[in-house]
Amino acid sequence: MDDETMIARRRGVMTGGTPPRRSRGRLADEVYDTLLGQLMSLRIEPGSRVTIDVLARELGVSQTPIRDALNRMEAEGLVVRVPHAGYRIPPQITRQRFEDMLEVRLLLEPAAARRSAERASLKQVAGLRRMLEEMAELEGGNGLMAYGAFGLRDAAFHDLVALSAENQVIRETLARLHTHVHLFRLLHDTQVTHLAMAEHEEVLAAVAARDPDAAAYAMRRHILLSGERFRRLFDEVKDADGIA
């Protein structure tokens, strides 16, 4: 499966519809993406316990793809294995981890957007546009699943920008951060999706116009504004602790 097919599959994993024949690897990928969506929507809460048998019943699949998906998530630090008790969801990221992730994103993502404006194919630009159209349909949607689905597409949008930049090291580094999983776990707020949409549109417009400087600027602005939106959560917790 090529990179763009993988992105397209990740985009559609929460929209329903099950292919009649799926290989073990593909089914594990679908389970993995579904669990990511549940993490981002807070349907699976930080600190909660998950087990293979419960997830298998809930998702209507055998235990094998569940186990494969959870093993992958454990390797990526998204779940923690508890001996004889299944898996536990780690707590939300700390303020320091958040700031470190933001710093890395500011170093890499504007550079990726710049290269995307120079190198993206017409097919990739069209793919970015389709993602924004799908995100617009989910924007402000009711329920946690819509929020999680928006988060998956948000992550896929940034991943396709990195892919179209044709720098695999940047793409792999950003993928290992799992930025959107951690950010969407911090907050369920439809205002976040509304503001992100406008900023994504500015990035796409610059990439489509083949304007590297504008693309880098738009991506940097998006990351800074996103950082401000999520940083206030840590400030609110700090203020609450001070009052207590």
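These figures come from a predicted structure and were not determined experimentally.

Reading the values: the criteria
- Residues numbered from 1 in each chain as written.
- Predicted model: local features only at pLDDT ≥ 70, side-chain atom pairs only at ≥ 80, totals over all residues.
- Heavy atoms only, no water.
- Helix = DSSP H or I, 4+ residues; strand = E, 2+ residues; numbered from the N terminus.
- Buried < 20%, exposed > 50% of the residue type's maximum accessible area, 1.4 Å probe, protein only.
- Contact = heavy atoms within 4.5 Å.
- Salt bridge = Lys/Arg side-chain N within 4 Å of Asp/Glu carboxyl O.
- Phe/Tyr/Trp six-rings, centres within 6.5 Å; stacked < 30°, edge-to-face > 60°.
- Lys NZ or Arg CZ within 6 Å of the ring centre and 35° of its normal.

Chemist: Go over the overall build of the protein chain with me, naming the residues and quoting the values.
Modeler: Counting its regular elements, the protein chain contains eleven helices and three strands. Out of the 244 residues in the protein chain, the part that is buried amounts to 46%. Partitioning the contacts of the protein chain with sequence separation of at least 6, the portion at a separation of at least 24 is 77%.

Chemist: Pulling in residues and values, what's your account of the pattern of salt bridges?
Modeler: For the coordinates displayed, the defined rule picks out 15 salt bridges. Ionic pairing is found between E58 and R43, a salt bridge with its closest N-O pair at 3.5 Å. Linking E58 in helix α3 (residues 52–59) with R43 in the loop between α2 (24–40) and β1 (49–50), this pair joins segments that are 15 residues apart in sequence. Overall, the relative accessible area of 47% leaves R43 in the partly exposed class.

Chemist: Tell me what's going on with the packing of aromatic side chains, and back it up with residues and numbers.
Modeler: With the rule as written, the count across this model stands at three aromatic pairs. Measuring from centroid to centroid gives 5.2 Å for F98 and F234, while their planes differ by 40 degrees, and the two rings are tilted. Residue F98 is located in helix α5 (residues 95–119), and its partner F234 is located in helix α11 (residues 212–243); the two are separated by 136 residues in the primary sequence. Taking relative accessible area as the criterion, F234 reaches 14% and is therefore assigned buried. Taking 6.4 Å as the distance between ring centres and 35 degrees as the angle between the ring planes, the aromatic pair formed by F150 and F184 counts as tilted. With F150 in helix α7 (residues 144–164) and F184 in helix α9 (residues 179–186), this pair connects stretches of sequence that are 34 residues apart. Assigned by exposure class, F150 and F184 land together as buried. Through a chain of ring-to-ring contacts, the aromatic side chains of Y147, F150 and F184 assemble into a single cluster. Seen from the ring of Y32, R72 lies directly overhead, with NZ or CZ sitting 3.5 Å from the centre.

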